[in-house]
Amino acid sequence: MASSQSFDHQRFLKTVTQKAGVYVMLSEAADILYVGKAKNLRNRLSSYFRSAGLTNKTMALVARIHQIEVTVTSTEREALLLEQNLIKQYRPPYNILLRDDKSYPYIYLSSDHRHPRLSLHRGSKRAKGTYFGPYPSAGAVRESLSWLQKVFKVRQCEDSYYRNRSRPCLQYQIGRCTAPCVGKISDDEYRRDVAYTEMFLSGKSADLQASLADEMERSAEALEFEKAAELRDRIGYLQQVQASQCIEGETGDLDIVAGVINAGLCCIQLLSVRGGRVLGSRSYFPKSALEEGVHDHVEAFIAQHYLTGSGATDLPKELVLNVELGDAALLASSLSEQAGRSVSIAHRVRSQRAKWLQLAITAAEQNLQNRLAATESMAGRYRALQELLDLDAPPSRLECFDISHISGEATVASCVVFDDNGPLKSDYRRMNIEGITGGDDYAAMNQALSRRYKRIASGEVPKPDILFIDGGKGQLNQALKVLHELGIRDLLTVGVAKGSDRRAGLEVLIRGDNGRELSLPDNSPALHLIQHIRDESHRFAIGGHKARRDKARRQSGLEAIPGVGAKRRRELLRHFGGLQGVRQASIADLCRVSGISEKIARDIYEGLRSA
């Protein structure tokens, strides 16, 4: 580790510019430690080398600085954008980092179909249709889709499924679809339901309620009492959802961002409001190696989320915060320029916005308490594991391996990693096992561990404190053999064998260093931690095995047939809705697919039945 004496900050500060720009702090190994921006680079960088007033974590950062690189920018906005792009690209350990690698979900209503469908959508908006949102989570989208399915009954099935219906499906039977696929509803009536759906999703609830009331009255006058009762129920559903989501008389598109800190942990709560309706909320727990305040976390969240993250594509017109930011004007101008319209940032609000802000603050406080409780519980489990295995200190990194297959088919190995906070999913890995006898778990474990621990031995991947193997002495011996061959001597390896009747709570732990077997009571915190990582590796391995097996089964039948290339496979699967539909099709049915001649249809028919 480089000391602060290795970097002559006094000479550096004499030459550094006072203009706006971005600075990058590097370690002796040329790793990026921290990225920051400044209106005045000299003044900002001087603050890191004060003789007093620095926190312990900031002093730890300064002690590692070996070099500082600066980039001068013409405006503060350019500095802000460059800073966020560098943070996103390099993810420096001392910056506040937001884990936000997923795009926001939307409700998508197609427009290029006789009977449009509703669906959850993520990613680029290439398909023709209307996109409603963004929603803060997939759960919020599914909740809305479920409600829409009950009320307006617009279809949500895949187009391939829709095309191949000859009679109504279960959704029609339970009153959640009007079965346009088989003509149970006229095109005009279906278009009306689609229009109602669009009105609701666009926030025009008052207009929608008025339209439904008018139609209910017309139906009653025409003595169509069943239809009038159905419309009455729709109005009732609409009033219920308005009461739970809306504040009467309030409109607008805005995001509420509330940050709270407790015990060194921060929670950022994002509350999304569109058309005056609260679409839902989402919690973020950004990581920081420095002792930052709430305003630092909120400012970093807004910059990362809206300038370079998933929120960049759908900026609201207004952001309401629970703290005042020093760079609020700079952030607002940067967001406005990116959006091509005005985006305001406020922290003092009244009336309904104040109620929304308080709702976000309360949610952030509650979610932070839940996270702290879970963290304390996890810390207790690690201490119990330390005591059980007689370690000098609680372990901080665990790995567990498992193998999954069915009769040797599509064998997949999983490696899951836990840190102090539990599952570290960014470090999870799956490995497809090749070149072994089907069903040979020992060979599969040997291959998986060899591939993983060659990288650990070379320093590419951090070494765990404990390696858990899901299996008995045979699998454990394979692990010890691999570690011995790679020269890894000081890694504690533990086998997790199932008990006599394979019930949870009766696991037997086998230490690799001395062969000692341990059985723990079913209320042991250490056992709960081991079960957690073992079950997680099992789940992760099974998921990989199923995906690989399904892919092989989906492709193998058609790919082995001469004359059936990628384009014809795609047309067949789209037409019949999957491989099962292709298998069930007759030669005449196959001939109806574009590009399939009678000869190819016969080859497909015979090939799938002989497979």
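You'll find the structure just up there.
Figured I'd write up the structure that's included with this text.

This part takes up the environment of Phe468. Structurally, Phe468 can be placed in strand S16 (residues 466-470). As a C-alpha pair, Phe468 and Asp402 span 66 residues in sequence and 9.2 Å in three-dimensional space. Those residues in contact with Phe468 that lie beyond four places of it in its chain are Leu385, Leu398, Glu399, Cys400, Phe401, Val494, Val496, Ile530 and Ile533.

Here we come to the layout of surface pockets. For the second largest pocket, the calculated volume is near 810 Å³. Along the walls of the second largest pocket sit 37 residues, with Tyr34, Arg44, Tyr48, Glu292 and Asp296 positioned nearest its centre. Among the elements of the structure, strand S2 (32-38), helix H4 (76-90), helix H11 (294-308) and helix H12 (328-339) are those that each provide at least two residues to the lining of the second largest pocket.

Attention shifts here to helix H15 (residues 473-485). Taking 1.5 Å of rise per residue, 13 residues should cover 18 Å, and H15 covers 18 Å from first to last C-alpha, within 8% of that figure. Here H15 has its buried residues at Gly474, Gln475, Leu476, Gln478, Ala479, Val482 and Leu483. In this fold, the buried residues of H15 make contact with helix H14 (441-457), S16, strand S17 (492-497) and strand S18 (508-511). Gly487 sits one or two residues past H15 and shows a positive phi near 75°.

Glancing now at the sheet that holds strand S5 (residues 118-121). The strands making up a sheet associate through backbone hydrogen bonding, with each pair oriented either parallel or antiparallel. Here we have 3 strands laid out as an open sheet, ordered S5-S4-S6, and antiparallel in their pairing. Single-partner strands in this sheet number two, and they are S5 and strand S6 (129-132). Going across the sheet, the axis of each strand differs from the next one's by a mean of 30°, ignoring polarity. For strand S4 (residues 106-110) and S5, the ladder comprises 4 bridges, and the chain directions are antiparallel. Of the residues in S5, the one forming a bridge with Tyr108 is Ser119.

So, how was this worked out
Residues numbered from 1 in each chain as written. Predicted model: local features only at pLDDT ≥ 70, side-chain atom pairs only at ≥ 80, totals over all residues. Heavy atoms only, no water. Helix = DSSP H or I, 4+ residues; strand = E, 2+ residues; numbered from the N terminus. Contact = heavy atoms within 4.5 Å. 1 Å grid on protein atoms, 1.4 Å probe; cavity = no way out; pocket = protein on both sides within 12 Å on 5 of 7 lines; lining within 4 Å. Points joined across faces, edges and corners; volume = space filled by probe spheres on them. Expected span 1.5 Å × (residues − 1). Buried < 20%, exposed > 50% of the residue type's maximum accessible area, 1.4 Å probe, protein only. Pairing = 2+ DSSP bridges. Axes fitted to C-alpha atoms, helices over the stretch in contact; angles between N-to-C directions.

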